[in-house]
Amino acid sequence: MGTKLSLLWCVWVFSLLGCCWGRFVVEKNSLKVTTPKSLKGAYECAIGNFGVPKYGGTLVGSVMYPKVNQKGCTNFSDVGVSFQSKPGGFPTFLLVDRGDCFFTLKAWNAQNGGAAAILVADDKAETLITMDIPEEGKDAKEDYLEKISIPSALISKTLGDSIKQALSDGEMVNINLDWREALPHPDDRVEYELWTNSNDQCGPKCDGLINFQKDFKGVAQLLEKKGFTQFTPRYITWFCPEAFILSKQCKSQCINNGRYCAPDPEQDFSRGYDGKDVVVQNLRQACFFKVANETGKPWKWWDYVTDFSIRCPMRENKYTEECSDQVIKSLDVDLKKIKDCVGDPHADVENPVLKAEQAAQIGKGSRGDVTILPTLVINDRQYRGKLSRPAVLKAICAGFQETTEPSICLTPELETNECLENNGGCWKDKTSNITACRDTFRGRVCECPIVQNVKFFGDGYTHCEASGTLSCDFHNGGCWKGEQGGRAYSACLDDYRKGCTCPPGFRGDGVQSCEDIDECEEKSACQCPGCKCKNTWGSYECKCSGGLFYSRENDTCLGAYTSSAVSVWMIFLVLVVAVSGGYAFYKYRIQRYMDSEIRAIMAQYMPLDNQPEVSNQVHHNI
């Protein structure tokens, strides 16, 4: 099965690229030998598709060629060799021979040995090639690939032999690796595209691609929103040769009658997902970008692909249209327009989006055919190196015309505010304003929060549930709550007790249910002689016979209503009489006081009837 499948794909790739005179362009940077004089000059070298090239910069170093382990296939510490430069000295560029092991292993061993860069000398006279990472499963130590951080370059056999000869003659060989012109930088906007894939079961490359998309999302969205970049996602597809259209391979791996195909994720037609499933999901991602771009928000594509990889992985059997629809709805993008763009995968018609993708795969100008997945193209030049946020950001920044770089290229600081718009597509409880959206340096993440020391669990996108008891303000603390006949009861205790307990008049677990207690039937209340009991929801009513008053606290009947009423009226009457008497006495005293004062004043000006006349002399002192 594997041989037939490989042969079929060779035919398909030839059909797509070979008939169109496809070509693979090796991306290069400049290598300048500054000493010795006999080698002084500029040479070409091919940038490795791993490590971190110094795009936009240069690196100067001194070349060393080891006496042992000259192909760099074993750890240099095992043979007691170190390439760590001494203080004040040039960094070490390690020269090794091609062969016997993967390029990446050579670079990893060089890095662990202290080298600042690795130069691999070709073992035969040929055109330079691109050093790539191993295919899935061919390197038992694939976990080191993402840890390679030094730049790498392949040099010709002729240059390699010349450097070895100079070193054997006792000459010092100093080299300047120059990446300043590795990428065009014509203006103040960078145009770049990422050739990607929705398949998450293709090994280290797929894992690395997914991790990169998550990590780079925040940077990409910031650059796009501010107009510094113009990004376009791309998807590789092949077409099935006409002679194979009715074959099992084409039917399981192609859509639209063999026009657009992708390899089986597991390389096994009998299990798992098929290649056509990958094509359809790739098409949905391309259509998502198209619709989002038409609404002026192309950066939402980064949210969709990262959320889809988290919520709809193949390994959990969620790589489906239904799961994709849920992600699209959470991001508030028109699902109908996306479905119209996808069209009918079973129809014998062309799809305009995938047709354009196939045309874009063919190289034009200085850019070669896209044959490596993933591939990053910056200003129409293929990027080479590690697919990581720092490395790619540095390459993009190198694509700006000098002095036009955005501030992000000059500082590591970055802020994103994705949670402000549509809550970032994450879960949110509107009543309590608790959200799973959290802004980070790498963009927003949807993680169930911790509130009042209580951890929420869930996927962060559609639901989050509290693992313990919360404040009654949030979903009533997860406790029971009921309302009936205008009365509302809650089992949530928002005090020092913190828990769910059914309120008085109810019994139950306090979480799932609280049932009304019938105090009358259970004879737990209103048991006084002659009392009549009536159950109500959450309580009861009790009436005493003979006009007596019922005391709930004591569950007994007290004095007659009439006696009580008379007593109340008597008290009231006594108070009224007392107040009236007091007021009358007060008025009498005031009147007497006023009369005496008035009489005294008038006596000074005229004699009163009951007073004798007094001579005026009495009023003179002299």
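In case you missed it, the structure is sitting above this.
Model, not experiment: these values are computed from the prediction.

Asker: Where do I start with the overall build of the chain in this structure?
Answerer: A tally of regular secondary structure across the chain gives 13 helices and 30 strands. A burial count over the chain gives 46% of its 622 residues as buried. Partitioning the intrachain contacts of the chain with sequence separation of at least 6 by distance along the chain shows that 63% fall at a separation of at least 24. Summed over all atoms, the accessible surface of the chain reaches about 33500 Å², with 53% contributed by carbon and sulfur.

Asker: For this particular structure, what's the right way to read the sheet that holds strand 13 (residues 381-382)?
Answerer: The strands that make up a sheet pair up through hydrogen bonds in the backbone, lying either parallel or antiparallel. Taking strand neighbours across the sheet as the criterion, the four strands line up as 9-8-12-13 in an open arrangement whose pairing is mixed. The open sheet has two edge strands with one neighbour each: strand 9 (229-235) and strand 13. Sheet analysis places strand 8 (residues 190-196) next to strand 9, joined by seven bridges and oriented parallel. Paired with Leu194 across the strands is Pro233, a residue of strand 9. On top of the sheet, helix 4 (residues 204-225) reaches strand 8 and strand 9; it is set at about 155° to strand 8, its chief contact.

Asker: Hey, could you run me through the packing of helix 8 (residues 321-330) against helix 9 (residues 335-342) in this one?
Answerer: Each pair of packed helices can be described by the angle between their axes along with the distance between the axes. As a packed pair, helix 8 and helix 9 sit with axes 10 Å apart at the nearest point and diverge in direction by 135°. Considering the angle they form, helix 8 stands oblique to helix 9. Side by side, helix 8 and helix 9 meet where Glu321, Asp325, Ile328 and Lys329 of the first sit next to Leu335, Ile338 and Lys339 of the second. Class assignment of the residues belonging to the contact of helix 8 with helix 9 gives a composition of three nonpolar, no polar and four charged.

Asker: Whenever I open this one, the environment of Gly458 confuses me. Can you help?
Answerer: With respect to the helices and strands, Gly458 occurs in strand 19 (residues 454-458). On the accessibility criterion, Gly458 (42% relative accessible area) is partly exposed. Between the C-alpha atoms of Gly458 and Glu447, which are 11 residues apart in sequence, the distance is 8.1 Å. In this structure Gly458 touches Cys448, His463 and Cys464, once residues within four positions along its chain are discounted.

Asker: Looking at this model, I keep getting lost on the nonpolar core. Mind explaining?
Answerer: Within soluble globular proteins, side chains that are nonpolar generally end up buried alongside one another. Within the largest apolar cluster, 82 residues are counted, with the highest numbers of intra-cluster contacts made by Ile175 and Phe216. Split by domain, this core shows at least three residues from each of two domains, domain 1 (28-134 + 143-179) and domain 2 (190-409). Excluding its chain neighbours within four sequence positions, the residues that come into contact with Ile175 are Leu31, Lys32, Val33, Thr34, Leu59, Val60, Gly61, Val63, Phe93, Leu119 and Ile163. Counting residues in hydrophobic clusters, the runner-up holds 21 residues, among them Ala46, Val120, Met131 and Ile148.

Asker: Whenever I open this one, the pairing of strand 4 (residues 92-97) confuses me. Can you help?
Answerer: A regular strand places its side chains so that they alternate between the two faces of the sheet. Burial within strand 4 is extensive, with six of its six residues counted as buried. Looking at chain direction, strand 3 (residues 58-64) and strand 4 are connected through three bridges and run parallel. In the sheet register, Val63 faces strand 4, and the bridge partner there is Phe93. Bridge count between strand 4 and strand 5 (residues 117-121): five bridges; the pairing is parallel. Across the sheet, the residue bridging to Leu95 is Leu119, located in strand 5.

Asker: Please explain helix 10 (residues 352-361) as it appears in this structure.
Answerer: Residues that lie three or four places apart on an α-helix share one face, since the helix turns once every 3.6 residues. Looking at helix 10, one finds that the buried residues are Val353, Leu354, Glu357, Gln358, Ala360 and Gln361. Buried residues of helix 10, viewed axially, fall in a sector of 160°; they line one side. The N-capping residue of helix 10, defined by a side-chain oxygen 2.9 Å from the backbone nitrogen of Val353, is Asn351.

Asker: Would you explain the state of the cysteines in this entry?
Answerer: By definition, a disulfide links the sulfur atoms of two cysteine residues through a covalent bond. Taken as a whole, this structure holds 15 disulfides when the rule is applied. Covalent S-S linkage joins Cys426 and Cys446, the inter-sulfur distance amounting to 1.8 Å. Across the S-S bond linking Cys426 and Cys446, the dihedral sits near -70°, which makes this disulfide left-handed. Residue Cys426 is located in the loop between helix 11 (389-398) and strand 14 (428-429), and its partner Cys446 is located in strand 17 (residues 443-446); the two are separated by 20 residues in the primary sequence. Judged by its relative accessible area of 9%, Cys426 falls in the buried class. Residue Cys446 is classed as buried on the basis of its relative accessible area of 10%.

Asker: What's the story with the pairing of strand 9 in this structure? I'm lost.
Answerer: Most of strand 9 is tucked away: five of the seven residues are buried. In the classification by handedness, the crossover that spans strand 8, the intervening helix 4 and the parallel strand 9 is right-handed.

Asker: What is the right way to look at the pattern of salt bridges in this model?
Answerer: Side-chain pairs of opposite charge can arise where the charged atoms are in close proximity. Scanning the entire structure with this criterion turns up 21 salt bridges. In this structure, Lys157 engages Asp161 in a salt bridge whose closest nitrogen and oxygen atoms are separated by 3.0 Å. Here Asp161 and Lys157 lie together in helix 3 (residues 157-168), a separation of four residues that amounts to about one turn. Notably, a salt bridge pairs Lys355 with Glu350, separated by 3.1 Å at the nearest N-O pair. The class for Lys355 is partly exposed, based on a relative accessible area of 44%. Counted as one network, the salt bridges with shared partners bring together Arg284, Glu321, Asp325 and Lys339.

Asker: Where do I start with helix 2 (residues 103-112) in this structure?
Answerer: Of all 10 residues in helix 2, nine are buried; the element is thus mostly enclosed. Its buried side turned inward, helix 2 meets strand 4 and strand 5. Looking at the residues trailing helix 2, positive phi occurs at Gly114, about 105°.

Asker: Would you mind going over unusual backbone geometry with me for this structure?
Answerer: Apart from glycine, the bulk of residues carry a negative phi angle, and the bulk of peptide bonds sit in the trans form. Cis geometry marks the peptide bond from Thr35 to Pro36, where omega comes out at 0°. Following the sequence through the fold, Pro36 ends up in the loop between strand 1 (28-35) and strand 2 (41-47). Even without being a glycine, Asn257 presents a positive backbone phi close to 55°. Counting through the fold element by element, Asn257 comes out in the loop between strand 10 (254-255) and strand 11 (260-261).

Asker: I keep staring at the side chain of Arg234 and nothing clicks. Help me out?
Answerer: Mapped onto the elements of the fold, Arg234 is located in strand 9. According to the relative accessible area criterion, Arg234 is buried, its value standing at 19%. A distance of 3.0 Å separates the side chain of Arg234 from the side chain of Glu357, its partner in a polar contact. Residues within four places of Arg234 in sequence aside, it is in contact with Glu193, Leu194, Trp195, Thr196, Glu357 and Ala360.

Each value, and the rule that gives it
Residues numbered from 1 in each chain as written. Predicted model: local features only at pLDDT ≥ 70, side-chain atom pairs only at ≥ 80, totals over all residues. Heavy atoms only, no water. Helix = DSSP H or I, 4+ residues; strand = E, 2+ residues; numbered from the N terminus. Buried < 20%, exposed > 50% of the residue type's maximum accessible area, 1.4 Å probe, protein only. Contact = heavy atoms within 4.5 Å. Areas by Shrake-Rupley, 256 points an atom, 1.4 Å probe, with all protein chains shown as cover. Pairing = 2+ DSSP bridges. Axes fitted to C-alpha atoms, helices over the stretch in contact; angles between N-to-C directions. Parallel < 35°, antiparallel > 145°, perpendicular 65-115°, else oblique. Nonpolar A, V, L, I, M, F, W, Y, C, P; charged D, E, K, R; others polar. Core = buried A, V, L, I, M, F, W, Y, C linked by side-chain atoms within 4.5 Å. Domains from an automatic or database assignment. Arc of directions from axis to C-beta. Polar contact = N/O pair within 3.5 Å; in protein donor to acceptor, adjacent residues only side chain to side chain. Disulfide = S-S within 2.5 Å. Right-handed = clockwise from strand over helix to strand, strands pointing away. Salt bridge = Lys/Arg side-chain N within 4 Å of Asp/Glu carboxyl O.

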